[in-house]
Amino acid sequence: MKIRLLLILLLAASLSARAQLLENKDAFTHADTLRGSLSLLRTCYDINYYHLDVKVNIDQKAISGSNQFKFTATQDFTKLQFDLFANLNVDKVVYKGQTLPFTREANAVFVTFPQTITKSSRDEFTVYYSGKPTIAVNAPWDGGFVFKKDSLGKPWVATACEGVGASIWWPNKDHLSDEVDSMMISISVPKGLKDVSNGRLRKVTPLKDGYTRFDWFVANPINNYDVAANIGDYTHFSDTYDGEKGKLTLDYWVLPASLAKAKKQFGQNVKPMLKAFEYWFGPYPFYEDGYKLVETPHLGMEHQSATAYGNHFLNGYLGYDMSGTGWGLKWDYIIVHESGHEWFGNNITGKDLADMWIHESFTCYSESLFIDNNWGKKAGQEYNNGLRAGISNDSPIVGVYNVNKEGSGDMYPKGAVLLNMVRTIINDDEKWRTILRGLNSTFYHQTVTYDQVVNYINTQSGKNLLPVFDQYLYYKNLPTLEFATQDGKLLSRWIADAQDFTMPVLVKIKGGEYKFITPTNHFTPVAIDGATETNIEVDTFNYYIGILKD
Ligand SMILES: [Zn+2]
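Reading the values: the criteria
Residue indices begin from 1 for each chain and proceed along its sequence in written order. For this predicted model, a pLDDT threshold of at least 70 governs which residues receive local features, and a threshold of 80 or more governs which side-chain atom pairs are given and counted, while totals over whole chains, interfaces and linings are taken from all residues. Values reported for side chains reflect all heavy atoms of the structure, with hydrogen atoms and water molecules removed beforehand. Only protein chains enter the accessibility calculation, which uses a 1.4 Å probe; a residue whose area is less than 20% of its type maximum is buried, one above 50% is exposed, and one in between is partly exposed. In this text, helices come from DSSP runs of H or I with a minimum length of four residues, and strands from runs of E with a minimum of two, each type numbered from the N-terminal end. Pairing between two strands is assigned when DSSP locates at least 2 bridges connecting them. Between N-to-C directions, angles span 0 to 180 degrees; the directions come from axes that are lines fitted to C-alpha atoms, helices contributing only their stretch in contact. For salt bridges, the criterion is a side-chain nitrogen of Lys or Arg within 4 Å of an Asp or Glu carboxyl oxygen.

A. Quick look at the pairing of strand β14 (residues 211–218). Buried residues dominate β14, accounting for 7 of its 8 residues. For strand β11 (residues 182–190) and β14, the ladder comprises 8 bridges, and the chain directions are antiparallel. What sits directly across from Ile-185, in β14, is Trp-216. Between strand β13 (residues 200–206) and the antiparallel strand that follows it, β14, lie 4 residues; Gly-210 among them carries a positive phi value of about 90 degrees.

B. Highlighting the sheet that holds strand β6 (residues 102–105). If you trace the 3 strands from one edge of the open sheet to the other, you get β3-β7-β6, paired in antiparallel fashion. Edge positions in the sheet fall to β3 (77–83) and β6, since each of these pairs with one other strand and no more. Mean inter-strand twist for the sheet, computed between neighbouring axes without regard to direction, equals 25 degrees. As paired strands, β6 and strand β7 (residues 108–117) are joined by 4 bridges and run antiparallel to one another. Its bridge partner lying in β7, Thr-103 is registered against Phe-110.

C. Main features of the pattern of salt bridges. A complete count under the given rule lists 17 salt bridges for this structure. Taking the shortest distance from any N to any O, the salt bridge between Arg-42 and Asp-83 comes out at 3.0 Å. Of this pair, Arg-42 sits in helix α2 (residues 40–43) while Asp-83 sits in strand β3, and the two are 41 residues apart along the sequence. Assigned by exposure class, Arg-42 and Asp-83 land together as buried. With a shortest N-O distance of 3.4 Å, Asp-233 and Lys-154 are connected by a salt bridge. With a gap of 79 residues between them, Asp-233 in the loop between β15 (230–232) and β16 (235–243) and Lys-154 in the loop between β9 (144–149) and β10 (155–160) connect regions that are remote in the sequence. Residue class for Lys-154 comes out partly exposed when judged on its relative accessible area of 36%. Residues participating in the shared-partner salt-bridge network are Asp-372, Lys-377, Arg-423 and Asp-429.

Have a look at this one:
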């Protein structure tokens, strides 16, 4: 998530020959630094295991409970930081039977231990907390709890917290770079309702106070923001998929009134999606935890092994084709997109929110590969091309590092268009598929940086695509291919912001065959006999660039 449905008036893009660097005018506070940076108070411990145990009082819109932190010390320390939004109370922090002193600043909590925690030791503490969590006004685009009622008037509750962070509803080390290795999620809900969280249901326990506790165990590393509570009068059906790693369990949790529609829509979409993504990206990354779809009162979110689904069992994005080509209406956008995140976002996670393109650009691109797998390459590229209508070119796709700040929403369509260009440049679809699968196996269950992703693609493709990624991700302007004629010869060069920008591009003479030329940022001759400014054509179907003829 969280692309918004935008109806955009396309303005004729006037690309200045001197592209401008966007200055970032955002002002960041110390609170942003506490949230987004990796200080020693965070890097001193590596989180191994959480047991989140929370009761949700739906009438009061309140929560109370605890989270146990099991960690390994990466160095000697006496003080650490965890995160919990300031509007929630920290009731106590318990370590070996004693309460620990703590202080709070913004949404950070600092705990001091009675003695030095020594490097490499494994230790644990438990945070007890309570209060009224933030209510999301417009989930999943903002974060917090969603308290709604289903069509029969029964409570229907969900959490969503991408971007803002999981510390909006539970205490944790809230930085993308540290995924917990495994986790128990215990959610207690009023009797008669069910909770569906990530991983596999281990136990259901009726409690004396009229609540029922659902224990879900996640066996794989998981992003904090993927951890979800979904509470409602759910009904369940299941299936299996014979995938690359064996039998994958498919579990579906929907409201009883949705059952017939869900069986049809999930039946039509889930297996073709798994087939396409296992082909392009490799095995589903969480066989141990299974694949799930959970009907939610918000549109959807990539909650790992418990994908949130709120697309009303319609094809397209709420019935709308993001590409305007018709290809977007042949499948359920939320099932395909949010499940695509199991590979990009959940399996491979960006270490910093500034690199959310690693989640969204690849996942938006996965939509065209889903089409490619079902209706052919041309169809996938037509869809990809159609996504350009949603590009703003207003600010860079990469956000600001160390302050939990994501970049432009262009990370979706422009990122997808970039990846189709990279495929075009590599010009070997089998190699491209190997690279996409290799990213998923090389960085399996890991958090990664911009450089790790781009360097991997460079090494495997044997091409230096760094200037291409840099131009499209760090700058808002498109590179412009300029043609000029000197002494009767056709010359070309790139005008771009990225240092030493160069990119192979497909050109042809009207009626001829496309051929790669590789202009640099200095004029060089176009090596095609007879080419002139009048008859030269550029593959603008696959290349999203500016063109300037003198
Ligand atoms: Zn997404």
